Amino acid sequence: MRHRKAGVKLNRTSSHAKAMFRNMVTSLFKHERIQTTDAKAKELRIWADHMITLAKRGDLHARRQALSIIREKDVVHKLFEEAPERFGSVSGGYTRIIKLGRRQGDAAPVSLIELTASEKIRKKKEKKKENKTDKKQAAEETEEKAEKKEAVEDQTDTETETPSSAEDQQS
Amino acid sequence: MAVPKRRTSKSRRDKRRTHHKIAGINLSICPQCNEPKLPHHICGNCGTYKGRVVLESEEA
């Protein structure tokens, strides 16, 4: 019976899984969004929610508990600074998972997990995106033909960046 | 012991296998760019999901 055995195993020892999710939750708060497999993303939500709950509590004990999981001090301090303002009004639903498709190589379902951002943070991101798209515009034209084929053949290939670079090499 | 009297002909073998086939993947249409996409997934063409730009792409 697997009663009261919540969580996934991910073919790892428990110590390996713990170490991995500590790394992942650190990365998530550091970079706001990370790309991983569906199963890991879903499990990572639990870790992220726990960290944000601690950050909202905000006392010294909570901070030390967070420091025992998140590997970088700066990330913890930043989280504790932001969290009450950013997540204070909501209880839960701190993360969003968007499915990206399947990974080339092992066909693992890949998804993007991100912190639900307030408006300010979102605007900053959009500015960054604009800069990136300018650089990409040169490569656009060559890709357009290939895109149509992609749409028909590779429905699973939803990662926009990696396939485009692969096409550049081919052409 | 029960033993087959006849070798299964190519015809019978192939008839049996007519049901061994792979169904195509289900696709939905991206409401932004009208390209086919996987349901409940980000659109590979325009990088949007539920009307929100998730990943910057060539068209966005």
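Residues numbered from 1 in each chain as written. Chains lettered and ligands numbered in written order. Predicted model: local features only at pLDDT ≥ 70, side-chain atom pairs only at ≥ 80, totals over all residues. Heavy atoms only, no water.

Asker: Please clarify how the overall build of chain B should be interpreted in this entry.
Answerer: The number of helices and strands found in chain B is one helix and four strands. Listing every helix and strand of chain B by position from the N terminus yields α-β-β-β-β. When each of the 60 residues of chain B is scored for burial, the buried share is 28%. In chain B, the share of contacts with a sequence separation of at least 24, taken over all contacts with a separation of at least 6, comes to 2%. Here chain B has roughly 4900 Å² of accessible surface; of this, 53% comes from carbon and sulfur atoms. (Helix = DSSP H or I, 4+ residues; strand = E, 2+ residues; numbered from the N terminus. Buried < 20%, exposed > 50% of the residue type's maximum accessible area, 1.4 Å probe, protein only. Contact = heavy atoms within 4.5 Å. Areas by Shrake-Rupley, 256 points an atom, 1.4 Å probe, with all protein chains shown as cover.)

Asker: Looking at this model, I keep getting lost on the overall build of chain A. Mind explaining?
Answerer: Broken down by element type, chain A carries six helices and three strands. The order of helices and strands in chain A, counted from the N terminus, is α-β-α-α-α-β-β-α-α. Put simply, chain A has 171 residues, and 40% of those count as buried. If you sum the accessible surface of chain A, you get close to 11200 Å²; carbon and sulfur atoms cover 49% of it.

Asker: I keep staring at the confidence of the model for chain A and nothing clicks. Help me out?
Answerer: Note that predicted coordinates carrying low pLDDT should not be read in detail. All names here are of chain A. Averaged over chain A, the pLDDT score is 80; the fraction of residues at 70 or greater is 68%. By mean pLDDT, helix α6 (residues 161–170) is the weakest element of chain A at 45, and helix α3 (residues 60–67) is the strongest at 96. With pLDDT under 50 throughout, residues 154–171 is counted as low confidence; its partners more than four residues away or in other chains account for 35 contacts. (pLDDT = per-residue confidence, 0-100.)

Asker: Any chance you could explain unusual backbone geometry here in plain terms?
Answerer: Residue and element names in this part refer to chain A. Of note, the phi angle at Leu10 is positive, near 60°, even though the residue is not glycine. Considering the arrangement of structural elements, one finds Leu10 in the segment before α1 (14–31). A positive phi angle, close to 55°, is found at Ala107, a residue other than glycine. Residue placement: Ala107 occurs in the loop between β2 (95–102) and β3 (109–115). Relative accessible area serves as the criterion here: at 38%, Ala107 is assigned to the partly exposed category.

Asker: What's the story with the packing of α1 of chain A against helix α2 (residues 38–57) of chain A in this structure? I'm lost.
Answerer: How two helices pack is summed up by the angle between their axes together with the distance between the axes. Residue and element names in this part refer to chain A. Where α1 contacts α2, the two axes come as close as 10 Å, and the packing angle between them is 70°. For the element pair α1 / α2, the angle class is roughly perpendicular. In terms of crossing hand, the pair formed by α1 and α2 is right-handed. Together, Lys18, Met20, Phe21, Arg22, Met24, Val25, Leu28 and Phe29 of α1 and Lys40, Glu43, Leu44, Trp47, Ala48, Met51 and Ile52 of α2 make up the contact between the two elements. When grouped by side-chain class, the residues that make up the contact of α1 with α2 number eleven nonpolar, no polar and four charged. (Axes fitted to C-alpha atoms, helices over the stretch in contact; angles between N-to-C directions. Parallel < 35°, antiparallel > 145°, perpendicular 65-115°, else oblique. Left-handed = near helix turned anticlockwise from the far one by under 90°. Nonpolar A, V, L, I, M, F, W, Y, C, P; charged D, E, K, R; others polar.)

Asker: Looking at this structure, how should I read the nonpolar core?
Answerer: Nonpolar side chains in soluble globular proteins tend to end up buried together. One finds Val25, Phe29, Leu44, Met51, Ile70 and Leu79 of chain A to be the most contacted residues of the largest nonpolar core, which totals 29 residues. If one sorts the elements of this core by residue count, α2 of chain A sits on top with eight residues. Ignoring any residue separated from it by four or fewer positions in sequence, one finds Ile70 of chain A in contact with Val25, Thr26, Phe29, Met51, Val75, Val76 and Leu79 of chain A. The next biggest cluster of nonpolar side chains, apart from the first, holds eight residues, and it includes Ile98 of chain A together with Ile42, Tyr49 and Val54 of chain B. (Core = buried A, V, L, I, M, F, W, Y, C linked by side-chain atoms within 4.5 Å.)

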